[in-house]
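# Report on the structure
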Amino acid sequence: MTSSELTDLTLHLADNALILGHRNSEWTGHGPILEQDIALSNIALDLIGQARHLYQYAAELMGEGQTEDRLAFLRNADEFKNVLLVEQTNGHWGKTILRQFLFSAYQHPFYEQLMKAGHAQLSPIAEKSLKEVTYHLRWSSEWVIRLGEGTEESAGRMQSAIRELWPYTGELLNGRASYRAVRIDATAIRGEWEQRVHRVLDNAAITVPEKTQMYETTGHTADLDELLNEMQYMQRTYPNMEW
Amino acid sequence: MVSTCNDMDAIFAGNERVRALLEAVPDPEIPVLSVVDLGVIRGIHAEADKKRIAVTVTPTYSGCPAMDVMRVSIRMALLAAGFEWVELIIRLSPAWTTDWITEAGAEKLKAYGIAPPLKVRHRAELFAEPVAIECPQCRSLHTALISEFGSTACKSLHRCADCGEPFEHFKCH
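Every value quoted in this text rests on a predicted model; they were computed, and no experiment measured them. (Residues numbered from 1 in each chain as written. Chains lettered and ligands numbered in written order. Predicted model: local features only at pLDDT ≥ 70, side-chain atom pairs only at ≥ 80, totals over all residues. Heavy atoms only, no water.)

What follows deals with the overall build of chain B. What chain B contains, in helices and strands, is 5 helices and 7 strands. Helices (α) and strands (β) of chain B occur, in sequence order from the N terminus, as α-α-α-β-β-α-β-α-β-β-β-β. Taking the principal axes of its C-alpha atoms as reference, chain B extends roughly 55 × 30 × 25 Å. Going through the 173 residues of chain B one by one, you find that 46% of them count as buried. Counted over contacts in chain B with a minimum sequence separation of 6, partners at least 24 positions apart contribute 55%. In the structure as shown, chain B presents an accessible area of about 8,300 Å², 55% of it carried by carbon and sulfur atoms. Both charge centroids of chain B, one from 18 positive and one from 22 negative side chains, sit 3 Å from each other. (Helix = DSSP H or I, 4+ residues; strand = E, 2+ residues; numbered from the N terminus. Buried < 20%, exposed > 50% of the residue type's maximum accessible area, 1.4 Å probe, protein only. Contact = heavy atoms within 4.5 Å. Areas by Shrake-Rupley, 256 points an atom, 1.4 Å probe, with all protein chains shown as cover. Lys, Arg positive; Asp, Glu negative; His and termini not counted. Charge placed at Lys NZ, Arg CZ, Asp CG, Glu CD.)

Structure below.
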């Protein structure tokens, strides 16, 4: 285990949480009903909180004057280590819910393993985050089922959403070499993920696409550039500004 | 001494003055509760000269915006009381749970009109029947969940079928 592997892993986890948190926050004030607008905003808040804990630890590891804010607001797109799934644009409400479900179904077994890994900094973060992710997983599972089994329109939209998002799940489940820094077993995560995802999609009468070509990670998309342009605008325009 | 139990007497043993100071630091969102009532103060270590103090704090929700305010308020309260050097140690594990809200805190919540948290395990099964929460106005159990999230992430919104009043519930976490 090298400390650069630990840094890679920590930034990867932090970037996933921040980018997905930011995407979810784009729904604030625009949700289809107030209650779910607030629910998703609070899920975004949880994710950004997790990102903060992780960036703080990453900054410690990296030294050299790194801070959580510099890591979040001053890195370029090609320095971000998130998976492609989380940088996708939100699309319609059903697509956002489905994306959350697919991601939370991965984050839950991941944090469970990380919590038990006995790492002094990352395990407590995983323990704390797991309580919140349990809620994210339940909330998104229930909505996937409601929308899948809802009207003809909602079912149709969920079906097209699964076709759009499924090719991004390969990268999510393949994991990273740096998992070995804390002995995370990607195969075990994939097993739990597949079991849970198939059970919920069956319940929701959503058919998983057959023979999908998974997207390979060759670099981030223009979507991430746009996201960072907006998210980093203030800090880049007024360097060292503080609220 | 850092504690995993909910015993404020044990946590503040020998530091009653500090306890009194921190009992005057409110949760900015739920001002009837102090940071002591919330159970976020997990350890006190004051130097014998009473000038230097380290306070161990465990945050509530990962993204809770009130935590930053509370940390600043804790520091300011201690500096104003004459401590010259205040260190806040953030401890994530064991994770904060609503079980750490004190009995006194639960009573204050009820009196304020917020249903206090129950001591139930966090449930993950889908479409689980929500447990009936007692109305803080009329004590009826004929209440319904309106929204999982109320005015803050930590509270849910309910309505009482008997007295008709809406009320918030501090969710079990």
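A few words now on the sheet that holds strand β6 (residues 155-160) of chain B. Residue and element names in this part refer to chain B. Here 4 strands make up an open sheet; going across it, the order is β4-β7-β6-β5 and the pairing mixed. Of all strands in the sheet, those with a lone pairing partner are β4 (114-115) and β5 (143-147), marking the two edges. Pairing analysis gives 4 bridges linking β5 to β6, with the strands arranged antiparallel. Looking at the pairing, Ala144 lines up with Arg159 of β6. (Pairing = 2+ DSSP bridges.)

All names here are of chain A. Contact pair helix α2 (residues 34-62) / helix α6 (residues 122-148): the axes reach a minimum separation of 11 Å and the direction vectors enclose 160 degrees. It follows from the interaxial angle that α2 and α6 lie roughly antiparallel. The element α2 and its partner α6 pack so that their crossing is left-handed. Across the interface between the two elements, Gln36, Ala39, Leu40, Ile43, Asp46, Leu47, Gln50, His53, Leu54 and Tyr57 from α2 touch Leu122, Ile125, Ser129, Glu132, Val133, Tyr135, His136, Trp139 and Trp143 from α6. (Axes fitted to C-alpha atoms, helices over the stretch in contact; angles between N-to-C directions. Parallel < 35°, antiparallel > 145°, perpendicular 65-115°, else oblique. Left-handed = near helix turned anticlockwise from the far one by under 90°.)

Further remarks concern the pairing of strand β2 (residues 52-57) of chain B. All names here are of chain B. In terms of burial, β2 is a largely internal element, 5 of the 6 residues being buried. Summarising the sheet, strand β1 (residues 41-46) and β2 pair through 5 bridges and their orientation is antiparallel. Paired with Ala46 across the bridge in β2 is Ile53. Between β1 and β2, which pair antiparallel in sequence order, lie 5 residues; one of them, Lys50, sits at a positive phi of approximately 60 degrees. Relative to strand β3 (residues 85-90), β2 runs parallel, the two sharing 6 bridges. Bridging across to β3, Thr56 finds its partner in Ile89. Once the chain exits β2 it traverses helix α4 (residues 66-80) before rejoining the sheet at β3, and the crossover so formed is right-handed. (Right-handed = clockwise from strand over helix to strand, strands pointing away.)

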